[in-house]
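Inside the fold
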Amino acid sequence: MLACGWFVPGGGRSKPAHGGSYAGHLRSLPCVCAQLVSVLMIGGHFILFAYLAPYLAEIVGMRGDEVVTAFFAFGVAGVCGGYLGGRFSDAVPPRLVIRLTPLAYLLALIAVPFMSEMRLLFLVVMMLWGCISWMISPVVQSFLISQSPETAEAGIGLNLSAMHVGVGLGTGIGGLLVEAASPSVLPAAAAILAGLAVVAAFARHGVCQRRKGPIASRRRERAVDSAARLIRRAKVAVAL
């Protein structure tokens, strides 16, 4: 926290989002679909990730130091994913990247159980899965800002809550599956939620309602500037 306070550049404080911003954000079908992408992708991720240790031990056959090494590799992949997600969002149009990321994540997740008997390939696929899973936060938030800059702060706030909903959802489902069946079913269940995230990413019909006129234009410019400051702060915090 001290390092963040010292190194994160100050950009002024923006006004907190009001109820109208949240309501306007939730009236936009593309924005709601983007929030569902976060819930479903992170939910699918935690179905397996929350119980990755028993999966590695019982299904892959790893023991002791091998499990520690696998978690270390997964952590490195996750950090890289957060950085790559931000870079990818800057380089590719948000409407495209929010489709490509869940699709790539689904393919990586489907490959996990097929590599369980090949340690090296499994480690590579697991790292790819972990990397893509942590790309989703900057990807979705970049899309929300570009889709509706005037409700960007409300959208990002809701997205943080949506991610935690996904964590709880995935962990709960995974626990029930481990208790009722075995860790071997976790990748399939995670892939189902990831598949629904892909559906949500492509189901972006409709347009965010936006006000017209010079006043609204100035408000939108201020919203974009404020959102850009939020992104810069977040990138510096991730880098730290």
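Residues numbered from 1 in each chain as written. Predicted model: local features only at pLDDT ≥ 70, side-chain atom pairs only at ≥ 80, totals over all residues. Heavy atoms only, no water.

**Examining the packing of helix H3 (residues 29-49) against helix H9 (residues 152-180)**
- In the contact formed by H3 and H9, the axes pass within 7 Å of each other and the chain directions differ by 30°. Classified by the angle their axes make, H3 and H9 are roughly parallel. In terms of crossing hand, the pair formed by H3 and H9 is right-handed.
- Class assignment for the residues of the contact of H3 with H9 results in eleven nonpolar, nine polar and no charged. (Axes fitted to C-alpha atoms, helices over the stretch in contact; angles between N-to-C directions. Helix = DSSP H or I, 4+ residues; strand = E, 2+ residues; numbered from the N terminus. Parallel < 35°, antiparallel > 145°, perpendicular 65-115°, else oblique. Left-handed = near helix turned anticlockwise from the far one by under 90°. Nonpolar A, V, L, I, M, F, W, Y, C, P; charged D, E, K, R; others polar.)

**Quick look at the side chain of Ser142**
- Structurally, Ser142 is set in helix H8 (residues 136-147).
- Once residues lying within four places of it in the same chain are set aside, the contact partners of Ser142 are Ser89 and Pro94. (Contact = heavy atoms within 4.5 Å.)

**Re the packing of H3 against helix H6 (residues 94-111)**
- Orientation of H3 relative to H6, taken along the N-to-C sense of each, is 20°, at an axis distance of 11 Å. Classed by the angle they form, the pair H3 and H6 counts as roughly parallel. The crossing of H3 and H6 is left-handed. The residues of H6 that touch H3, namely those facing Ala34, Val37, Met41, Gly44, His45 and Leu48, are Ile98, Pro102, Tyr105 and Leu109.
- Its residues assigned to classes, the contact of H3 with H6 comprises eight nonpolar, two polar and no charged.

**Considerations on the nonpolar core**
- Ranked by size, the top nonpolar core spans 48 residues in total, and within it Leu56, Leu109, Phe122, Met126 and Trp129 carry the most contacts.
- Looking at this core, the elements with two or more residues in it are H3, helix H4 (52-60), helix H5 (65-91), H6, helix H7 (119-133), H8 and helix H10 (186-202).
- In terms of residue count, H10 provides more of this core than any other element does, ten residues in total.
- Sequence-distant contacts of Phe122, that is, excluding residues within four places in its chain, are made with Tyr55, Leu56, Val60, Met62, Val112, Met115 and Ser116. (Core = buried A, V, L, I, M, F, W, Y, C linked by side-chain atoms within 4.5 Å. Buried < 20%, exposed > 50% of the residue type's maximum accessible area, 1.4 Å probe, protein only.)

**Remarks on the pattern of salt bridges**
- For the coordinates displayed, the defined rule picks out one salt bridge.
- Across the salt bridge formed by Arg119 and Glu66, the nearest N and O atoms sit 3.0 Å from each other. Residue Arg119 is located in helix H7, and its partner Glu66 is located in helix H5; the two are separated by 53 residues in the primary sequence.
- Take Glu66: its relative accessible area is 38%, and that puts it in the partly exposed class. (Salt bridge = Lys/Arg side-chain N within 4 Å of Asp/Glu carboxyl O.)

**Considerations on the packing of aromatic side chains**
- By the definition in use, this model includes four aromatic pairs.
- When the centroid spacing of 5.5 Å and the interplanar angle of 90° are considered together, the rings of Phe46 and Phe49 count as edge-to-face. Remark: Phe49 and Phe46 occur in helix H3; sequence separation between them is three residues, near one turn of the helix.
- Between the aromatic rings of Phe74 and Trp129, the centroid separation amounts to 5.0 Å while the plane-to-plane angle is 65°, which identifies the pairing as edge-to-face. Linking Phe74 in helix H5 with Trp129 in helix H7, this pair joins segments that are 55 residues apart in sequence. (Phe/Tyr/Trp six-rings, centres within 6.5 Å; stacked < 30°, edge-to-face > 60°.)

**Observations regarding the state of the cysteines**
- Per the counting criterion, the structure on display carries zero disulfides.
- With no disulfide of its own, Cys33 lies 9.3 Å from the sulfur of Cys31, the closest cysteine sulfur. (Disulfide = S-S within 2.5 Å.)

**Considerations on a nonpolar patch on the surface**
- On the surface, Leu103, Leu107, Ile110, Phe114 and Phe202 cluster together into a nonpolar patch covering about 500 Å² of accessible area.
- If one sorts the elements of the nonpolar patch by residue count, H6 sits on top with three residues.
- For Phe114, the position within the fold is in the loop between H6 and H7. (Patch = residues over 30% accessible without salt bridge, like charges linked within 9 Å, V, L, I, M, F, W, Y side chains within 5 Å. Areas by Shrake-Rupley, 256 points an atom, 1.4 Å probe, with all protein chains shown as cover.)

**Here we look at the confidence of the model for the chain**
- For the chain, the average pLDDT comes to 84, and 77% of its residues sit at 70 or higher.
- Contacts for the low-pLDDT stretch residues 205-218, under 50 throughout, to residues beyond four places or in other chains number 18 contacts.
- Low confidence marks residues 235-240, where pLDDT is under 50. Its contacts with residues over four positions away, or in another chain, come to nine contacts. (pLDDT = per-residue confidence, 0-100.)

**A closer look at the environment of Ala203**
- Within the secondary structure, Ala203 is located in the loop between H10 and helix H11 (214-239).
- Here the alpha-carbon distance between Ala203 and Leu29, two residues 174 residues apart in the chain, equals 8.6 Å.

**So, the environment of Val92**
- Take Val92: it is sitting in the loop between H5 and H6.
- For Val92, a relative accessible area of 16% corresponds to the buried category.
- A C-alpha to C-alpha distance of 10.0 Å links Val92 and Val139, two positions 47 residues apart in sequence.

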